[in-house]
Amino acid sequence: NTDRWMVSYYNSSGTAGIRIKFVTRSGTTLTDGGATNAGSEADISNAYNHSMVFDPVTPNKALMVFSPGSGATVAYGTAAVVLTLSTSDKDAVVSFGSVNRFETVAYDTGNGLPNRAFALGTSGNYICGWTNDPSGIKLRVLTVSGTTVTAPGSTTIPYSTAARGAEFGFKVNPYDATKALIFQI
């Protein structure tokens, strides 16, 4: 929406996990509302290393890729969930779809790096990237339909020689969603 942004961050206090809040602008003033704590969701509990991308077609819908923490129903690895966003005054109200844990390899912040996700045009497909020890960078296409995310196909490992926790980045070509640029240290 115009003059409204979403902020997400990890907070280790209380029920640890990802917090989501909205910030609104009026003139030169920014106001933030209350936060939704994703850590209170059983399948997302104590999640970290997250990335969010808005659905390019449906307003108020986003995909979150994350690492489920030790308190989650099924911990560690890499998972994804669809978020539906709304507001109660200025507070973030987020409902979560079903979590799909598509990577089961256990790693922590010392062994892996934050997940990254980009929409592939307006197709309902997203590309997700992450690293973990010892396989290096991993890429996977995720598909969203309604509030369900699936991970059809297989995981690709373009650079298997990445050092433990090696930095990497990638970006989808804005003119051709079938191509992406990836780089690593």
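Look up a bit, the structure's there.
Structure report, in brief. (Residues numbered from 1 in each chain as written. Predicted model: local features only at pLDDT ≥ 70, side-chain atom pairs only at ≥ 80, totals over all residues. Heavy atoms only, no water.)

## Thoughts on the overall build of the protein
Let me state the cut-off plainly: For helices the rule is a DSSP run of H or I covering at least 4 residues; for strands it is a run of E covering at least 2, with both sets numbered from the N terminus onward. For the exposure calls, accessible area comes from a 1.4 Å probe over protein chains only, and a residue counts as buried if that area is under 20% of its type's maximum, exposed if over 50%, partly exposed in between. Residues are treated as being in contact if the distance between any of their heavy atoms lies within 4.5 Å. For accessible areas, the Shrake-Rupley method is used with a probe of radius 1.4 Å. Any residue's cover is judged against the shown protein chains and nothing else.
In terms of helices and strands, the protein carries zero helices and 15 strands. Expressed as a percentage of the 185 residues in the protein, the buried residues total 44%. Looking at the protein alone, contacts between residues at least 24 apart form 44% of all its contacts between residues at least 6 apart. In the structure as shown, the protein presents an accessible area of about 9,000 Å², 51% of it carried by carbon and sulfur atoms.

## Thoughts on the pattern of salt bridges
Convention followed: One speaks of a salt bridge when a side-chain nitrogen belonging to Lys or Arg is within 4 Å of a carboxyl oxygen belonging to Asp or Glu.
What the rule picks out here adds up to four salt bridges. With a shortest N-O distance of 3.4 Å, D55 and K61 are connected by a salt bridge. Judged by relative accessible area, D55 falls into the buried class, the value being 13%. Judged by its relative accessible area of 11%, K61 falls in the buried class. For D176, the salt bridge goes to K179, with nearest N and O atoms at 2.8 Å.

## Here's the deal with the packing of aromatic side chains
Basically, it comes down to this: Aromatic rings from Phe, Tyr and Trp, taking only the six-membered ring of Trp, are treated as a pair when their centres fall within 6.5 Å; an angle between ring planes under 30 degrees marks them as stacked, one over 60 as edge-to-face, and anything in between as tilted. Placement of a charge over a ring requires the Lys NZ or Arg CZ to be within 6 Å of the ring centre, with the centre-to-atom vector within 35 degrees of the ring normal.
Counting across every chain of the model gives two aromatic pairs. Each ring, one from F102 and one from W130, has its centre 5.4 Å from the other, and the planes form 70 degrees; the classification is edge-to-face. Of this pair, F102 sits in strand β9 (residues 100-103) while W130 sits in strand β11 (residues 125-132), and the two are 28 residues apart along the sequence. Both residues of the pair, F102 and W130, belong to the buried class. Consider the rings of F118 and F170, whose centres lie 5.0 Å apart with planes at 75 degrees: the pair is edge-to-face. Of this pair, F118 sits in strand β10 (residues 113-119) while F170 sits in strand β14 (residues 168-172), and the two are 52 residues apart along the sequence. In this structure F170 comes out as buried when scored by relative accessible area, which is 6%. Sitting above the plane of the F22 ring, R4 keeps its charged end 4.5 Å from the centroid.

Shape descriptors only; they carry no functional weight alone.
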